[in-house]
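# Report on the structure
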Amino acid sequence: MLSKKVEKALNEQVNAEFFSAYLYLSMSAWAEMQNLKGFANWLRVQYQEETTHAIKIFNYIIERGGQVELMKIEKPENNWKDIIEVFEHVYKHEQSVTSLINDLVALSIEEKDYATNNMLQWFVNEQVEEEATALEILEQLKLFDGKGAPLFMMDRELKQRVFIPIDTAEKGA
Ligand code: FEO
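What comes next is a walk through the structure.

Parameters at a glance
Residues numbered from 1 in each chain as written. Predicted model: local features only at pLDDT ≥ 70, side-chain atom pairs only at ≥ 80, totals over all residues. Heavy atoms only, no water. Helix = DSSP H or I, 4+ residues; strand = E, 2+ residues; numbered from the N terminus. Salt bridge = Lys/Arg side-chain N within 4 Å of Asp/Glu carboxyl O. Buried < 20%, exposed > 50% of the residue type's maximum accessible area, 1.4 Å probe, protein only. Axes fitted to C-alpha atoms, helices over the stretch in contact; angles between N-to-C directions. Parallel < 35°, antiparallel > 145°, perpendicular 65-115°, else oblique. Left-handed = near helix turned anticlockwise from the far one by under 90°. Contact = heavy atoms within 4.5 Å. Nonpolar A, V, L, I, M, F, W, Y, C, P; charged D, E, K, R; others polar.

### Quick look at unusual backbone geometry
Not every positive phi belongs to a glycine, and asparagine 35 is a case in point at roughly 65°. The residue asparagine 35 is located in the loop between helix H1 (4-33) and helix H2 (37-63) in this model. One non-glycine residue, aspartate 145, adopts positive backbone phi at about 60°. When you line up the elements, aspartate 145 lands in the loop between helix H4 (114-143) and helix H5 (148-158).

Have a look at this one:
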């Protein structure tokens with residue numbers, strides 16, 4: 001059984017993960033308009049991943065006999081100066097998600113909810129990876145000022161990314 005506090009916080013995280021999905025889908029559309037098809041692909045895969053993050057928590061709330069409450073998803077930004085600004089935003093956004101996950105972990109400890117704490121460890125690890133990947137792309141872009149032939153090469157490389165579904169069940173992820 002989830003406490004009301006934990007249930008509310010998990011529902012808020014479902015919303016935050018859907019917002020992340022929405023934000024990356026918006027960035028993907030922007031990249032398509034700049035003819036950066038590889039970046040658009042990478043961001044679209046990111047959108048798909050975020051959806052699975054939301055569903056993972058959604059499933060967990062149900063599994064624990066809690067009540068899912070879907071909330072309104074905020075409108076994401078849809079315009080950036082250039083691709084460097086997009087990835088500065090991705091990196092900043094992932095840092096803010098890490099902070100939300102950390103708050104949830106702290107709450108699970110406060111509420112002595114060790115099952116929720118255990119489920120959240122997957123997200124703790126995932127955030128390390130998410131921040132590292134965003135920073136790696138950002139730093140690469142900065143090396144060539146996000147322009148010219150290297151941008152074209154990087155775009156081609158990012159076109160290779162494919163969506164690999166995660167196990168959204170509580171166990172075995
Ligand atoms: Fe679901 Fe990118 O954190």
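### As for the pattern of salt bridges
For the coordinates displayed, the defined rule picks out nine salt bridges. Note that glutamate 49 is salt-bridged to arginine 161, the shortest N-O span being 3.3 Å. Pair noted here: glutamate 49 is in helix H2 and arginine 161 is in the segment after H5, with a separation of 112 residues, a long-range link. The class for glutamate 49 is buried, based on a relative accessible area of 17%. Salt bridges sharing common partners tie together Lys5, Glu110 and Glu111.

### What about the packing of H2 against H5?
Two numbers describe how H2 lies on H5: the axes approach to 7 Å, and their chain directions differ by 40°. One element, H2, and the other, H5, form an angle in the oblique class. The handedness of the crossing between H2 and H5 is left-handed. Where H2 abuts H5, its residues Lys37, Gly38, Phe39, Asn41 and Trp42 lie against Leu151, Met154, Asp155 and Leu158. For the contact of H2 with H5, a count of residues per class yields five nonpolar, two polar and two charged.

### Overview of the packing of H4 against H5
At a minimum axis separation of 10 Å, H4 and H5 run at an interaxial angle of 155°. Between H4 and H5, the angle is such that the two are roughly antiparallel. Relative to H5, H4 is oriented so that their crossing is right-handed. Along the contact surface, H4 presents Ile137, Gln140 and Leu141, while H5 presents Leu151, Met154 and Leu158. The residue inventory of the contact of H4 with H5, partitioned by class, reads five nonpolar, one polar and no charged.

Read these as geometric descriptors, not functional statements.
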